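Structure assessment
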Amino acid sequence: PTSETNVTTSEAPVTTTAKVPTSETNVPTSEAPETTTAKVTDTETKFELFEYEEVLSKKFPLRAVQYYVAVYFEDVKSEKEENIDFTFTGKYCDGAYELGSTCTVVPELPTTEVEITNTTPKVYRITPKSLTSVVNLKSTADVEFTLRYAGNPTQSPDLTHASPLTIQSPIPLTWYVQVSAKNTVKTNLTLAATVCPKNKVGTACNLNVTIVNTTSKVNALEEKLVTGLTYFLYEGDIDNLIVSVMQGPLTSSKNSLKTPPQIHASFDHYPYLSDGKVVADISGCTEDDCEKVNSINLAKNSNVTASTGMWYIAVEGTKNATGNYFIWFDYQCINDCSDNGKCVDSLCTCDSGYTNLDCSKKSKTEYYVLIIIASLVLLSAVIGLIAWAYMRKKAQYMEVE
């Protein structure tokens, strides 16, 4: 039995050797084998205790991005400290990919004619810019393209297609392109890319994007639900950022909320439709109570290596979708419950005297109480005035007598 293990930084084999289970350990990128030793103490964890020495060895076709390695364990009964060793082998090849035990340098896509043989494919690299909408790769001869971003295209390729090839909304990392042919050919390879301004997306940069900048507090945005994808761009700190959507007016009760629309998100490129399905870095709900509030935590995306950047959010409306929805950022609950309530399972529980889904409105009950109190005060004043007038008149009458 093994715990979940994600291994770092190379296309080469990576070996993990465990003597006993350990607590969470982050392992850095390295060009040389590295050993990390962690001490284990009695603690609360997740998997059953290994009562025997276990050696785990796995091989992964990794990309040139940052990885974290975690070993989970639970119910450690020993009070004695033990050691656990992690050994990582492989190379990090900058501007190249690993072929066997060496790094093979990969040139940029050539601008002159090249020869492709049926026995020796050529590999080149391209680097789409951030906000690239579409990349078109063409050949003047009959060839096939095999692509993988940030990794060896011969291992777990992301895309294989005959020329011409179109990549919509490519991830802004280095892509490695293998060009192969059934027969020896001479060809010119051409690369054309369309880069949109940040408030536009689409293959022709024809779809509008609502830009959200959270340098100040941003209230929930109310939008009309339409068929297809509606886009938003979030600029700002992404640490533990949550994006949420909810359908229905703020005056709705929790029990009457409709199923919210789906949301999708991609970092430095935009979600898009392909064969009726949405292609995105993150899709679906990652938080609580998804039947009423659909929320995704952007920091949970494993492809992101920066703490700041641009997130494209797409709200998906189904066919014949109607009504309005609210979308908000940074808070688990809409408008952070307007500081008049507590957030429980993505929904606000309002303080006494407040109502609406975001606790922004004072309840009518409070107004009725205030009216009653005011009426009683006024009535008391009137009664007091009448009594005072009566007593004064009576006093004057007694004086005359």
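Rules used throughout
- Residues numbered from 1 in each chain as written.
- Predicted model: local features only at pLDDT ≥ 70, side-chain atom pairs only at ≥ 80, totals over all residues.
- Heavy atoms only, no water.
- Helix = DSSP H or I, 4+ residues; strand = E, 2+ residues; numbered from the N terminus.
- Buried < 20%, exposed > 50% of the residue type's maximum accessible area, 1.4 Å probe, protein only.
- Contact = heavy atoms within 4.5 Å.
- Areas by Shrake-Rupley, 256 points an atom, 1.4 Å probe, with all protein chains shown as cover.
- Pairing = 2+ DSSP bridges.
- Axes fitted to C-alpha atoms, helices over the stretch in contact; angles between N-to-C directions.
- Core = buried A, V, L, I, M, F, W, Y, C linked by side-chain atoms within 4.5 Å.
- Disulfide = S-S within 2.5 Å.
- Salt bridge = Lys/Arg side-chain N within 4 Å of Asp/Glu carboxyl O.
- Phe/Tyr/Trp six-rings, centres within 6.5 Å; stacked < 30°, edge-to-face > 60°.

Assigned secondary structure in the chain consists of one helix and 31 strands. Across the 401 residues in the chain, those meeting the buried criterion constitute 40%. Counting contacts in the chain only where the partners sit at least 6 residues apart, residues at least 24 apart contribute 72% of the total. Total accessible area on the chain is roughly 22,300 Å²; 52% of this is exposed by carbon and sulfur atoms.

Our focus in this paragraph is the sheet that holds strand E13 (residues 175-180). Pairing in this open sheet of four strands is antiparallel, and the strands run E8-E13-E10-E11 from one edge to the other. The open sheet has two edge strands with one neighbour each: strand E8 (122-126) and strand E11 (159-162). In this sheet, neighbouring strand axes are inclined to one another by 25° on average, regardless of whether the strands run parallel or antiparallel.

Turning our attention to the sheet that holds strand E20 (residues 242-247). The four strands lie next to each other as E18-E27-E20-E25, forming an open sheet whose pairing is antiparallel. Lying at the two open borders of the sheet, with one neighbouring strand each, are strand E18 (221-224) and strand E25 (294-297). Here the average twist between neighbouring strands, direction ignored, is 20°.

This part is about the nonpolar core. Side chains that are nonpolar tend, in soluble globular proteins, to be buried together. Phe-145, Leu-147, Trp-175, Val-177, Val-179 and Leu-189 are the most contacted members of the largest nonpolar core, which totals 23 residues. Within the residue set of this core, elements represented by two or more residues are strand E7 (114-116), E8, strand E9 (132-139), strand E10 (144-149), strand E12 (165-168) and E13. What Leu-147 contacts, discounting residues up to four positions off in sequence, is Pro-153, Pro-157, Asp-158, Leu-159, Leu-165, Ile-167, Trp-175, Tyr-176 and Val-177. Ile-263, Ile-313, Val-315 and Ala-321 belong to the second largest nonpolar core, which has 20 residues in total.

What follows covers the side chain of Ser-169. Note that Ser-169 resides in the loop between E12 and E13. In this structure, Ser-169 is in contact with Thr-132, Ser-133, Val-134, His-269, Tyr-270 and Tyr-272, ignoring residues within four places of it in sequence.

Moving on, we get to the state of the cysteines. For the coordinates displayed, the defined rule picks out five disulfides. The disulfide partner of Cys-333 is Cys-343, and the S-S distance across this bridge is 2.0 Å. Residues Cys-333 and Cys-343 share a disulfide whose torsion about the S-S bond is about 80°; that sign makes it right-handed. Note that Cys-333 is positioned in the loop between strand E27 (324-329) and strand E28 (341-344) and Cys-343 in strand E28, a separation of ten residues in sequence. Among the residues examined, Cys-343 registers a relative accessible area of 36% and is labelled partly exposed.

So, about the pattern of salt bridges. Scanning the entire structure with this criterion turns up one salt bridge. Between Arg-125 and Glu-108 there is a salt bridge whose closest N-O contact spans 3.1 Å. In this pair, Arg-125 sits in strand E8 while Glu-108 sits in the loop between strand E6 (102-105) and E7, placing the two residues 17 residues apart along the sequence. With a relative accessible area of 23%, Arg-125 lands in the partly exposed category.

So, on to the packing of aromatic side chains. On inspection of all chains with the given rule, the structure shows five aromatic pairs. With a centroid separation of 5.6 Å and 20° between ring planes, the pair formed by Tyr-234 and Phe-329 is classed as stacked. Of the two residues, Tyr-234 is situated in strand E19 (residues 228-237) and Phe-329 in strand E27; the sequence distance between them amounts to 95 residues. Relative accessible area serves as the criterion here: at 1%, Tyr-234 is assigned to the buried category. By way of ring pairs, the aromatic residues Tyr-231, Tyr-270 and Tyr-272 are connected into one cluster.

The next subject is the pairing of E28. Note: E28 against strand E29 (residues 347-350), four bridges, orientation antiparallel. By the bridge assignment for E29, Gly-341 is matched with Cys-350. Turn length for the E28-E29 hairpin, with the two strands adjacent in sequence and antiparallel, is two residues, and the turn residue Asp-345 shows positive phi of about 55°.

These figures come from the coordinates and say nothing about function on their own.
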